[in-house]
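# Observations on the three-dimensional arrangement
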Amino acid sequence: MFGKGKKLSIRYFGDPILAAKAKPVEEITDDIRVLAADMLELMYEKNGIGLAGNQVGLPLKIVVIDIGPEEDEDGKPIPPSTPGEMELLPKMPVALINPEIVSYSDDLSDFDEGCLSVPKLYANVKRPSRVVLKTQLLDGSSLTAECGGLLARVLQHELDHLDGIVFVQKAEEEDYSKIESGVEKLIRKNGPRGFKVKRLV
Ligand code: ZN
């Protein structure tokens, strides 16, 4: 069906598949396991830390993530502070199947985001600092846990992909104006005629 020796490639902003809503994975089959492994391989090849189904042309609710422990300014590891980080960080890389965010913290954080589908362009996006993630893992187990730190950030970015949203749509106005010409260039190359960025902030 997919995966299976067929090399995956990254879809770039403007490609309509990145605006599609992903469908749930019905069953965790060998195909899905192969797909997750292929997605991880591609993510590593491109030096990414997260990749969603839509980004490889498959609007399925699957996300792969690999983030290490966070470090402070002196390079010392910051111990994870939420149950979700404690559970998921030691398991990295992880594939999340049918992930959803069931609640968001009120407090927001700033972070310069990038995306394999928007190469070399970075912009600040304000997002809730912590989220409660509900997901299945590749082994079929389920998890519901509060996640903070970089994990909360990556989760929100990747789950946006599954909803057909790319971070440039949520970038702070001032930052967006700095990358706008780069984004337009990408759209001219990858998007259908007349494609307009639907800004969400
Ligand atoms: Zn992305």
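The structure contained in this document is the topic of the report that follows.

Turning next to the coordination of the zinc ion. In an ideal tetrahedron of four donors about a metal, each angle is 109.5 degrees. In an ideal octahedron of six donors, the angles are 90 or 180 degrees. Surrounding the zinc ion are the protein donor atoms C115 (SG), H157 (NE2) and H161 (NE2), at 2.0 to 2.2 Å. Of note, the zinc ion draws all its donor residues from one chain, in the sequence arrangement C-x41-H-x3-H. Residue C115 is located in strand β6 (residues 108-115), and its partner H157 is located in helix α3 (residues 149-162); the two are separated by 42 residues in the primary sequence. What makes C115 buried here is its relative accessible area of 9%. Judged by relative accessible area, H157 falls into the buried class, the value being 7%.

The pairing of strand β2 (residues 62-65) with strand β5 (residues 94-104) spans four bridges and is classified as antiparallel. Looking at the pairing, V64 lines up with A95 of β5. Here β5 runs beside strand β8 (residues 131-137); their pairing, made up of six bridges, is antiparallel. Note on β8: the bridge partner recorded for L96 is L137.

Tallied over the full model, the rule gives 13 salt bridges. A salt bridge links K7 to E45; its shortest N-O distance comes to 3.3 Å. Of the two residues, K7 sits in the segment before α1 (30-45) while E45 sits in helix α1, which places them 38 residues apart along the sequence. According to the relative accessible area criterion, E45 is partly exposed, its value standing at 46%. Here E173 makes a salt bridge to R199, at a shortest N to O gap of 3.0 Å. One end of the pair, E173, is in helix α4 (residues 173-190); the other, R199, is in the segment after α4, and 26 residues separate them in sequence. Put simply, E113, R127, R153, D160 and K170 are held in one network by salt bridges that share partners.

A separate point is α1. Spanning 16 residues, α1 covers 23 Å between terminal C-alpha atoms, matching the ideal 22 Å at 1.5 Å per step. Of all the positions in α1, only D31, I32, L35, A36, D38, M39, L40, L42 and M43 are classed as buried. On the buried face of α1, the contacting elements are β1 (50-52), β2 and β5. Note on α1: the residue one or two positions beyond its end, N47, has a positive phi of about 60 degrees.

Ordered by their spatial adjacency, five strands build an open sheet running β1-β2-β5-β8-β9, and the pairing between neighbours is antiparallel. The open sheet has two free edges, formed respectively by β1 and β9 (142-147), since each of these has just one partner strand. Mean inter-strand twist for the sheet, computed between neighbouring axes without regard to direction, equals 35 degrees. Against the sheet, α1 makes contact with β1, β2 and β5, and its axis sits at roughly 45 degrees relative to β2, the strand it touches most. Taken strand by strand, α3 contacts β1, β2, β5, β8 and β9, and its axis lies near 100 degrees from that of β5.

What counts, and where the lines are drawn
- Residues numbered from 1 in each chain as written.
- Predicted model: local features only at pLDDT ≥ 70, side-chain atom pairs only at ≥ 80, totals over all residues.
- Heavy atoms only, no water.
- Donors = N, O, S within 2.8 Å, 3.2 Å for Na, K, Ca; no water.
- Helix = DSSP H or I, 4+ residues; strand = E, 2+ residues; numbered from the N terminus.
- Buried < 20%, exposed > 50% of the residue type's maximum accessible area, 1.4 Å probe, protein only.
- Pairing = 2+ DSSP bridges.
- Salt bridge = Lys/Arg side-chain N within 4 Å of Asp/Glu carboxyl O.
- Expected span 1.5 Å × (residues − 1).
- Contact = heavy atoms within 4.5 Å.
- Axes fitted to C-alpha atoms, helices over the stretch in contact; angles between N-to-C directions.

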